[in-house]
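Listed below, chain by chain, are the residues.
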4 protein chains.
Amino acid sequence: MSAEKKTGRERGEEWWQTGIIEMYPGVIRLRGYEIQDLIGRISFPAMIWLMLRGDLPSEEQAVLLGIALGAAVDHGPQAPSIAIARMAATCGVGINNAMASAINVLGDVHGGAGEQALSFYGDIAEALDRGLTLGGAVSERLDRFFAEEKDYVPGLGHRFHPIDPRAPRLIELTRDFAARGVVSGRFADIAEAIEAEMAKRKGKTIPLNIDGATAVIYGELGFPPALTRGLFVLSRSVGILAHAWEQLQESDRNKGPLPREWLWAYTGTPARPFPGDSE
Amino acid sequence: MSAEKKTGRERGEEWWQTGIIEMYPGVIRLRGYEIQDLIGRISFPAMIWLMLRGDLPSEEQAVLLGIALGAAVDHGPQAPSIAIARMAATCGVGINNAMASAINVLGDVHGGAGEQALSFYGDIAEALDRGLTLGGAVSERLDRFFAEEKDYVPGLGHRFHPIDPRAPRLIELTRDFAARGVVSGRFADIAEAIEAEMAKRKGKTIPLNIDGATAVIYGELGFPPALTRGLFVLSRSVGILAHAWEQLQESDRNKGPLPREWLWAYTGTPARPFPGDSE
Amino acid sequence: MSAEKKTGRERGEEWWQTGIIEMYPGVIRLRGYEIQDLIGRISFPAMIWLMLRGDLPSEEQAVLLGIALGAAVDHGPQAPSIAIARMAATCGVGINNAMASAINVLGDVHGGAGEQALSFYGDIAEALDRGLTLGGAVSERLDRFFAEEKDYVPGLGHRFHPIDPRAPRLIELTRDFAARGVVSGRFADIAEAIEAEMAKRKGKTIPLNIDGATAVIYGELGFPPALTRGLFVLSRSVGILAHAWEQLQESDRNKGPLPREWLWAYTGTPARPFPGDSE
Amino acid sequence: MSAEKKTGRERGEEWWQTGIIEMYPGVIRLRGYEIQDLIGRISFPAMIWLMLRGDLPSEEQAVLLGIALGAAVDHGPQAPSIAIARMAATCGVGINNAMASAINVLGDVHGGAGEQALSFYGDIAEALDRGLTLGGAVSERLDRFFAEEKDYVPGLGHRFHPIDPRAPRLIELTRDFAARGVVSGRFADIAEAIEAEMAKRKGKTIPLNIDGATAVIYGELGFPPALTRGLFVLSRSVGILAHAWEQLQESDRNKGPLPREWLWAYTGTPARPFPGDSE
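No experiment lies behind these values; they were computed from the predicted model shown.

Draft legend 1. Highlighting the relation of the copies chain B and chain C. Each copy superposes on the other: chain B lies on chain C with an RMSD of 0.0 Å after a rotation of 180° and an axial shift of 0.0 Å. Within this description, the copies of the chain are treated as partners about a two-fold rotation axis. Looking at the rotation axis and the C-alpha trace of chain B, the residue lying nearest is Asn97 of chain B, at 3.5 Å. When the interface residues of chain B are mapped onto chain C, 100% of them are again interface residues, pointing to one common binding face.

Draft legend 2. Layout of the interface of chain A and chain B. Counting residues at the interface gives 86 residues for chain A and 86 residues for chain B. Buried surface at the junction of chain A and chain B, summed over both partners, amounts to about 7200 Å²; 75% is from carbon and sulfur atoms. It is Trp15, Trp16 and Phe44 of chain A that lose the most area in chain A upon contact with chain B, and together they represent 12% of the buried surface on that side. Linking chain A with chain B are two salt bridges, by the criterion used here. Summed over the shared surface of chain A and chain B, the number is 33 residue pairs in polar contact (both at pLDDT 80 or more). Looking at which element gives the most residues to the side of chain A that touches chain B, the answer is helix 12 (residues 225-248) of chain A, with 16 residues. Within the side of chain A that touches chain B, the residues separate by chemical class into 51 nonpolar, 23 polar and twelve charged.

Draft legend 3. Representation of the sheet that holds strand 4 (residues 33-34) of chain B in the model. All names here are of chain B. Spatial strand order, 2-3-4: three strands in an open sheet with antiparallel pairing. The sheet terminates laterally at strand 2 (21-24) and strand 4, the two strands that pair on one side only. As judged from the four bridges shared by strand 2 and strand 3 (residues 27-30), these two strands associate in the antiparallel manner. The residue of strand 3 that forms the bridge with Ile21 is Leu30.

Draft legend 4. Representation of the pattern of salt bridges. One pass over the full model with this rule turns up 104 salt bridges over all chains. Between Arg272 of chain D and Asp55 of chain A there is a salt bridge, with its nearest N and O atoms 2.8 Å apart. Here Arg272 of chain D, found in the segment after strand 5 (265-266), pairs with Asp55 of chain A, found in the loop between helix 3 (44-53) and helix 4 (59-71), and the two come from separate chains. The exposure class assigned to Asp55 of chain A is partly exposed, which follows from its relative accessible area of 43%. Notably, a salt bridge pairs Arg9 of chain B with Glu13 of chain B, separated by 2.9 Å at the nearest N-O pair. A residue pair is termed a helical-turn pair when its members lie 3 or 4 positions apart in one helix, as Arg9 of chain B and Glu13 of chain B do in helix 1 (residues 8-15) at four residues. Put simply, Lys6, Arg11 and Glu14 of chain A together with Glu261 of chain B are held in one network by salt bridges that share partners.

Draft legend 5. Summary view of the packing of helix 5 (residues 80-88) of chain C against helix 12 (residues 225-248) of chain C. Residues and elements named next belong to chain C. Between helix 5 and helix 12, the shortest axis-to-axis distance is 8 Å and the interhelical angle comes to 35°. Judged by the sense of rotation from one axis to the other, the crossing of helix 5 with helix 12 is right-handed. Taking contact as the criterion, the partners of Ser81, Ile82, Ala85 and Arg86 in helix 5 are, on helix 12, Arg236, Gly239, Ile240, His243, Ala244, Glu246 and Gln247. Among the residues making up the contact of helix 5 with helix 12, the classes are represented as four nonpolar, four polar and three charged.

What counts, and where the lines are drawn
Residues numbered from 1 in each chain as written. Chains lettered and ligands numbered in written order. Predicted model: local features only at pLDDT ≥ 70, side-chain atom pairs only at ≥ 80, totals over all residues. Heavy atoms only, no water. Least-squares fit on C-alpha atoms with pLDDT ≥ 70 in both. Contact = heavy atoms within 4.5 Å. Buried area = accessible area lost by both parts, 1.4 Å probe. Salt bridge = Lys/Arg side-chain N within 4 Å of Asp/Glu carboxyl O. Polar contact = N/O pair within 3.5 Å; in protein donor to acceptor, adjacent residues only side chain to side chain. Helix = DSSP H or I, 4+ residues; strand = E, 2+ residues; numbered from the N terminus. Nonpolar A, V, L, I, M, F, W, Y, C, P; charged D, E, K, R; others polar. Pairing = 2+ DSSP bridges. Buried < 20%, exposed > 50% of the residue type's maximum accessible area, 1.4 Å probe, protein only. Axes fitted to C-alpha atoms, helices over the stretch in contact; angles between N-to-C directions. Left-handed = near helix turned anticlockwise from the far one by under 90°.

Dropping the structure here:
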């Protein structure tokens, strides 16, 4: 129907379009399925998959997705997201507001490492598709990295943990799922090849971190890099909620970053009179 | 140790306290469990339970929690939360920012109905504990409601759906889990007794809605009312992410609520000259 | 026109209504004034007043509003709002996102004291209108406060400052403006009478704080209590922006509340084996 | 003092550093000035300037800053920021939360045009410093733009307004301030030269818009491009607050983008049975 022939209401309804949910009085369909057919028959991770990708995962795929989501729920109150959730909870706002202030900081630096890692893996996967060997593809990508991008190789190393206990466990599980044919294992291969090549170049192992390991799983399951940040938000929201909730049980008000009796260091212009006033 | 004897660092570390997560280099424990012992052995809803409540649920309890979380993921772009996620996604912010702006509006009106319903059920459960019959307890609470609170009975009725297809399915499943001894069924009884008493008083059925039905499950599982809002945030975050993600695939920029060529109605002071200017 | 006769487009345009802004191609009117007539002729505080209240203030009223807005811009990084702005700025989000996470915590506890103070003053003003003396009205309100509300008298006392240097200066300026007939001075009288009565009751002065003092000015200027929180947001946004901006010049990444090498105290369940695993 | 010699408290206090605010009990200094010396002596825009830049502006500079801040306060409810503020206000959250959800979307697309325009002007200013003529510098920059960047020339053109009534007025005022020696007029020259060169290339005038015009003023006043987004947030916050406040006077609950009785268009997979169920 041409735009001119549409009524205003049709035009308005068309302005908001979605392929995710269809609704009529008494009817809710998600991705084509009646909601009452889904409830009680698919797990919560399967519902997440369906909503994001449009089709149902196998039961095993949903289990693996749930594993990655469960692994990154918390990293303690030194993480800005968790600290912000706790501070916000002392300021007289709703628990959803405390969560929002926290989720809002899962940006490029705090929440983007998984996305960067999966993009990096994807570049190597593409080189494999072009016929390169795994070693060749990894070397090529690392050469480009050190020539052009520098900083940290995404997915490797941790400021705090010599070995992040989550990463080897996640890779072990990915291997199990690959052995059962649920996934191919290709991204696990890539991540381990990066780790090995880096160890060769640096003379010491810089082990895979949680972002690198969850990126392996999300890649194995076919999620695009940009969506891994959204998945990380769903995962970390659990820790954010737990900490906001714990803090709400306390009586703190306007909790600052440092103990109440401490101040900050002032590094600015020394005290001075207002222009024209005599000292 | 007395506060005076503590070093500054001890005092600082004590300022941030939590019973949720313990960490050392190479060690992450959630609620006392090594994270690598949890990964791959508990489902994502079980992880949510552990984080929020401190102990592991049974497998069946985790399944029921996952059912409630999965049921409320989306109600379409006429819900302010979903619309905001989509609009934000066209404004040049990160996907986590779009999610935060949306989650932030799940306040008393948009996100609080489950909490209100579970508090209402809880008052009736307390009256049962005091020895009242179910009918008596429900009548007493509704009498107080109509005398003092008015407006809508929490958990009943829907602006759009004559019968919300999610609610009867969730109650049916709760009954199944009660039959298997996972939960007691007490909150399902209470919700249905409210519905029945209201039908008697009003002469027509005002059926249980999604908030009333998920509140039944959260109550059966022992969650306090205030935490149901947090659980709703986790649930609705899935729909918020799905819609933000779908919108990000489009080329819209600064998407407004109405079609681009429409304006709003102006209802204010008519055009007037600046004071002192002649017309 | 009846709703039935409206076209869909008319209905859509009516769904979004406002008395604040009127727009056509080439035309923008705020509260009835052509925007080009306002630009360059009214100050920024006068624009804030016009937008919020619908009419232009006198020049003197706008100056007094600007004084209150300028006084509360910052209270340093121990305030959760300022700390959050700085932490967010290290997480890889936009400066507007850092500001939003911070503004979001200016809730009942962190941002609501001015509103509570002005409501308190308003109750006393009402009693004056009923014919009570200032002393009588203040006593009556304080009696009710200590009988029913307790906690802190809104607008008085400060955790950190024995005397908040901003408050006496703001009251002095309010008196100047009252002497020139810009405002009545009634709310300054009320605040000082509360301070005096409290000193009599407690045996020591609990001096007016910044929230109490800005509430005096907002009350003198005729703003309703609920709007003082919005004005505080506009004011504190300046400090939030300044701190976010200063932090963005630094190279910190994922800045936590405590120095990087410190942890938090863990207060939860001691390390335990996963159920069924042998220790 | 070396880091090793510091006490924990010193280390903690040093972790939070700022050159903006210095505080002791009874003392608050902003950028070196006692706050009570500033209150009542500098305007609100002058306070904004001091906080962001560290030194006091002249009175005229502060007036010009206030003009730019006042000009962009609102563009009506079709702007996502304003619509979100109004929708949020119907969801049962605080006015600061409604403002935060809205400010949060002033990202690269919705809030970044001024920054892009000022960067563009800055490139041309640099070329002038290298000795190019104004015409040559503009041509060079536009050539690069059309070769590499494309899309829209920042600061020019408007989807809705043939001529944005704010822009010519702001340029006229900038010329006035330049004539009085407050600013140099260099950025006004650059903006007008871009407009002229584009008219020559396109055969029709694409007039300066509000982002281009405020960028001229911020540039004249010496603000760096990245800070113009923060200034825009301060400006637009006024409209956001006004609309949230107006909406809060209404009784709407969970206001969606379209009239309540309308739905959205569903464009996804048609209704289908759950796998394994017979239709």
